[in-house]
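Results of the structural survey
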Amino acid sequence: MAKIALITGGTSGIGLQTAVELGTQGYEVVINGLSDEGAKKALEMLEDLGIKAEFFKADVTDEKSVNEMIQFISDKYNKLDVLVNCAGGLGGRSRFEEMSTQFYRKVMALNLDSVFFVSRAAIPLLKQGENASIINLTSIAAYNAGGPGAGIYGTSKAGVLTLTRALAKDLAEYGIRVNAVSPGTIDTPFHSNTNREVMESWKQNILMKRFGNPSEVATVIGFLTSEKASYLTGEVIQVNGGQAFI
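In the annotation of an unreviewed UniProt entry, the entry for the protein chain reads SDR family oxidoreductase, and the organism field reads Fervidibacillus albus. Recorded under Sequence similarities (unreviewed entry), the UniProt text for the protein chain is reproduced unchanged: "Belongs to the short-chain dehydrogenases/reductases (SDR) family."

**What about the nonpolar core?**
Judged by nonpolar contacts, the single largest core of 41 residues is most densely connected at Leu6, Ile70, Ile73 and Leu80. For this core, the secondary structure elements donating two or more residues are strand S1 (3–8), helix H3 (63–77), helix H4 (101–126) and helix H6 (151–171). In terms of residue count, the dominant contributor to this core is H4 (12 residues). Ignoring sequence-local partners within four residues, the contact set of Leu80 consists of Ile4, Ala5, Leu6, Ile73, Ala122, Leu125, Leu126, Gly129 and Ala132.

**A look at unusual backbone geometry**
A positive phi angle, near 60°, is found at Asn78, a position not held by glycine. Position of Asn78 relative to the elements: it lies in the loop between H3 and strand S4 (82–85). With relative accessibility at 51%, the residue Asn78 sits in the exposed group.

**Digging into the pairing of S4**
Residues in a regular strand point their side chains to alternate faces of the sheet. Both faces of S4 are covered, namely the face carrying Val82 and Val84 and the face carrying Leu83 and Asn85. Here 4 bridges tie S4 to strand S5 (residues 133–137), and the two strands are oriented parallel to one another. Bridging from a neighbouring strand, Val82 pairs with Ser133 of S5. Once the chain exits S4 it traverses H4 before rejoining the sheet at S5, and the crossover so formed is right-handed.

**Considering helix H1 (residues 13–24)**
A rise of 1.5 Å per residue sets the reference length of H1, with its 12 residues, at 16 Å; its end C-alpha atoms lie 17 Å apart and thus fit the reference within 8%. Taken across its 12 residues, H1 has 9 buried, putting it largely inside the fold. Of all the residues in H1, the buried ones are Gly13, Ile14, Gly15, Leu16, Thr18, Ala19, Val20, Leu22 and Gly23.

**Section: the packing of H1 against helix H8 (residues 214–225)**
Between H1 and H8, the least distance of the axes is 8 Å, while the angle of their chain directions is 50°. Comparing their axes, H8 and H1 come out oblique. You can see that H1 and H8 cross each other, and the crossing is right-handed. For the pair H1 and H8, contact is made by Gly13, Ile14, Gln17, Thr18, Glu21 and Leu22 and by Pro214, Ser215, Val217, Ala218, Thr219, Ile221, Gly222 and Thr225, respectively.

The rules behind these values
- Residues numbered from 1 in each chain as written.
- Predicted model: local features only at pLDDT ≥ 70, side-chain atom pairs only at ≥ 80, totals over all residues.
- Heavy atoms only, no water.
- UniProt positions renumbered as here; feature names shortened; annotations may be inferred.
- Core = buried A, V, L, I, M, F, W, Y, C linked by side-chain atoms within 4.5 Å.
- Buried < 20%, exposed > 50% of the residue type's maximum accessible area, 1.4 Å probe, protein only.
- Helix = DSSP H or I, 4+ residues; strand = E, 2+ residues; numbered from the N terminus.
- Contact = heavy atoms within 4.5 Å.
- Pairing = 2+ DSSP bridges.
- Right-handed = clockwise from strand over helix to strand, strands pointing away.
- Expected span 1.5 Å × (residues − 1).
- Axes fitted to C-alpha atoms, helices over the stretch in contact; angles between N-to-C directions.
- Parallel < 35°, antiparallel > 145°, perpendicular 65-115°, else oblique.
- Left-handed = near helix turned anticlockwise from the far one by under 90°.

Next comes the structure, spelled out in structure tokens:
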């Protein structure tokens, strides 16, 4: 039976490249997102590569939507081998003094609640999987608290880091490994609203003097899901070109 992977936020950026990476390893992939148009383009791309893929539209900040998505996978496959919690985002910028409770809750829901809701719902299916694992996306902001106005984003990603290790402890007895990748500045639609000139200046704080690309994160995720990483759990791998060192 084919290996099954669920990738939240899988219609673009790192999520889509992860679908390509796992698809070429032989997984059938279920990509999640909210954009029908983005999903159409993503599925066409994956199909052109000979990858079996389907799309499930669900808001991962809403546990009812998440449960419906997991039920769909359960009904069709009755198992899950890999879960990649890639959905997330900056959500905007706000300094703490002016930050509304609504903004705070929105960012925490997008980056932390989503990982909790999807992981919790998926555990019974992962128990039925082969070499099952969860890969979470944290961020360099979990360590440096992010730039101006991104403090709550950094806080939410620090929560993902701790949740990763807590899940690893919780699920080890079932043979389910839980790890995370922590990207630095990756050239994806995540930064689409950032001034490009400002972004270029960030390269001075990266040892390799360039931004990463989504495939460079996806290949690390692919490694973590593989048998080659069979003794890794509770780990966080930095993918930032040396950005964390400066």
